[in-house]
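# A look at the structure
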Amino acid sequence: MMEKLNILVITNTYPTTNTPGDAPQIKDQVEAIKAKGNDVEVMYVSHYRGIWSYIAAALKIMGLSFQHRHYDLIHAYYGHCGFLARLQAKYPVVVTFLGSDLLYRRDSRIGKPAARLADGVIVQSEEMKRVSKREDARVIPFGVNLNLFKPYPMQTARRELGLDLDEKLVLFPWDPARVVKRYDLIEEAVRIVNQKREKVRLISVYDKPHEVVAKYMNACNVMVLASFHEGSPMALREAMACNLPIVAVDVGDVRQIIEGVAGCFLCTHDPADIAEKINLVLDRGERTSGALAIRQADASWGADQVLQLYRFILRAGRGGPQ
């Protein structure tokens, strides 16, 4: 049996009672690592509190070098927290990058240096690995919580959510205010679809508990992703687990995820093309077999991959268990 590890997680995005939609995949991974017999302590750096939250966290992290509290390793999620984690010299640091912290110019100004300074780097896609300039980076997308994201009768989900039973629903599971997600393109595409069809509605779902998002994925007819860039979009794999048809642009590892799954279509950023693919899904009128394709990539699988990296780093001579 492998020796138990004691891990400090530092993250600036984490689900709370007030913000249940903030990166629940991180909590799922933390809980999966705990479930394998490890101790994990979470230091949440609330980005809602602005710079003062980061200053307070920086002071705490610098103080770790002088405390008796022992960790085997620090795991930081998102590039900003990876940079913070390097303010101490006592423990090795693993950084998980979520996407924009390497792919978006503003955030990558901190993300790229954080990647160079880390002992271990986890990214969501091969594109992110190239951008990180770390040949040793591990591509480990977040695993899907298959206890929540699984097929569920559409009509039942709609009744429970109070949705019209006859409408065709197009799901956008992000905040429309996030410009990178291109809600405007999907809104225009749905307008085009409605020129030929009746009762097709675009609904956005964000900052909701995981179980509510899963219910919407089972209630809707199709999910559309039109982002400028992505790492490995979590919502896409969650939709797959619910057998929800998907229309998506070819960014990140989208092609790899949906390729070969009947009822899922790649599109361009042209609203007319998005509309055409939405119509293909609606004409088909069936769910997909996405759950079968995604069944191996659950949260437990993701935790196993992360633990393998932890132990590799510790065996490399950084003071941890062999």
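Everything numeric in this text was worked out from a predicted model, so none of it was measured.

Now for the overall build of the chain. Within the chain, the regular secondary structure consists of 14 helices and 11 strands. For a compact globule of 322 residues, the expected C-alpha radius of gyration is about 20 Å, and the chain comes in at 20 Å, within 12% of that figure. Per-residue burial for the chain yields a buried fraction of 55% across its 322 residues. Surface exposure of the chain reaches about 14,900 Å², of which carbon and sulfur atoms provide 51%. Taken together, the 42 basic and 37 acidic charged side chains of the chain have centroids lying 4 Å from each other.

With that settled, consider the sheet that holds strand β11 (residues 265–267). An order of β8-β7-β9-β10-β11 is seen for the five strands of this open sheet, with the pairing classed as parallel. Edge positions in the sheet fall to β8 (200–204) and β11, since each of these pairs with one other strand and no more. With direction set aside, neighbouring strand axes in the sheet form an average angle of 25°. The strands touched by helix α8 (residues 183–193) are β7 (168–172), β8 and β9 (222–225); relative to β8, the strand with the most contacts, the crossing angle is about 165°.

Moving on, we come to the nonpolar core. Residues Val-170, Leu-171, Met-217, Met-223, Leu-236, Ile-278 and Tyr-310 are the most contacted members of the largest nonpolar core, which totals 79 residues. No other element matches the eight residues that helix α14 (residues 299–315) contributes to this core. With 28 residues, the next largest nonpolar core counts Met-43, Leu-64, Val-95 and Val-121 among its residues.

All right, on to the packing of α8 against helix α12 (residues 271–284) then. As a packed pair, α8 and α12 sit with axes 8 Å apart at the nearest point and diverge in direction by 60°. By the criterion of interaxial angle, the relationship of α8 to α12 is oblique. Every pair of crossing elements has a handedness; the one defined by α8 and α12 is right-handed. Residue-level contacts link Leu-185, Glu-188, Ala-189, Val-190, Ile-192 and Val-193 of α8 to Pro-271, Ala-272, Ile-274, Ala-275, Ile-278, Asn-279 and Leu-282 of α12. Residue composition of the contact of α8 with α12, by class: 11 nonpolar, one polar and one charged.

On the basis of which strands lie adjacent, the open sheet formed by six strands has the order β2-β1-β3-β4-β5-β6 and parallel pairing. Each end of this open sheet is capped by a strand with a single partner; those strands are β2 (39–44) and β6 (138–139). In this structure, strand β1 (residues 6–11) lies alongside β2, joined through six bridges in parallel fashion. Its bridge partner lying in β2, Ile-7 is registered against Val-40. With respect to the sheet, α14 is in contact with β1, β3 (73–77), β4 (93–96), β5 (120–123) and β6, its orientation differing from that of β3 by roughly 135°.

Now for the environment of Ile-122. Locating Ile-122 in the fold gives a position in strand β5. Judged by relative accessible area, which is 1%, Ile-122 ranks as buried. A C-alpha to C-alpha distance of 45 Å links Ile-122 and Gln-195, two positions 73 residues apart in sequence. Here Ile-122 is in contact with His-75, Val-94, Val-95, Thr-96, Phe-97, Arg-138, Ile-140, Val-306 and Leu-309, once residues within four sequence places are set aside.

We now examine the layout of surface pockets. The space that makes up the largest pocket amounts to roughly 1,500 Å³. Of all elements in the fold, only α1 (24–35), α5 (105–117), α9 (210–219) and α10 (234–241) reach the threshold of two or more residues within the lining of the largest pocket. By residue class, the composition of the lining of the largest pocket is 20 nonpolar, 14 polar and 10 charged. Quantified by volume, the second largest pocket comes out at close to 320 Å³. Around the second largest pocket, the lining is made up of 19 residues, and of these Pro-141, Ser-232, Asp-253, Gln-256 and Ile-257 lie nearest the centre. When residues of the lining of the second largest pocket are traced back to their parent elements, those giving at least two are α6 (126–132), α10, α11 (254–258) and α13 (290–294). Sorting elements by how many residues they give to the lining of the second largest pocket places α11 first, with three residues. In terms of residue class, the lining of the second largest pocket is made up of eight nonpolar, five polar and six charged.

Quick notes on the rules
Residues numbered from 1 in each chain as written. Predicted model: local features only at pLDDT ≥ 70, side-chain atom pairs only at ≥ 80, totals over all residues. Heavy atoms only, no water. Helix = DSSP H or I, 4+ residues; strand = E, 2+ residues; numbered from the N terminus. Rg over C-alpha atoms; globule rule 2.2 N^0.38 Å. Buried < 20%, exposed > 50% of the residue type's maximum accessible area, 1.4 Å probe, protein only. Areas by Shrake-Rupley, 256 points an atom, 1.4 Å probe, with all protein chains shown as cover. Lys, Arg positive; Asp, Glu negative; His and termini not counted. Charge placed at Lys NZ, Arg CZ, Asp CG, Glu CD. Pairing = 2+ DSSP bridges. Axes fitted to C-alpha atoms, helices over the stretch in contact; angles between N-to-C directions. Contact = heavy atoms within 4.5 Å. Core = buried A, V, L, I, M, F, W, Y, C linked by side-chain atoms within 4.5 Å. Parallel < 35°, antiparallel > 145°, perpendicular 65-115°, else oblique. Left-handed = near helix turned anticlockwise from the far one by under 90°. Nonpolar A, V, L, I, M, F, W, Y, C, P; charged D, E, K, R; others polar. 1 Å grid on protein atoms, 1.4 Å probe; cavity = no way out; pocket = protein on both sides within 12 Å on 5 of 7 lines; lining within 4 Å. Points joined across faces, edges and corners; volume = space filled by probe spheres on them.

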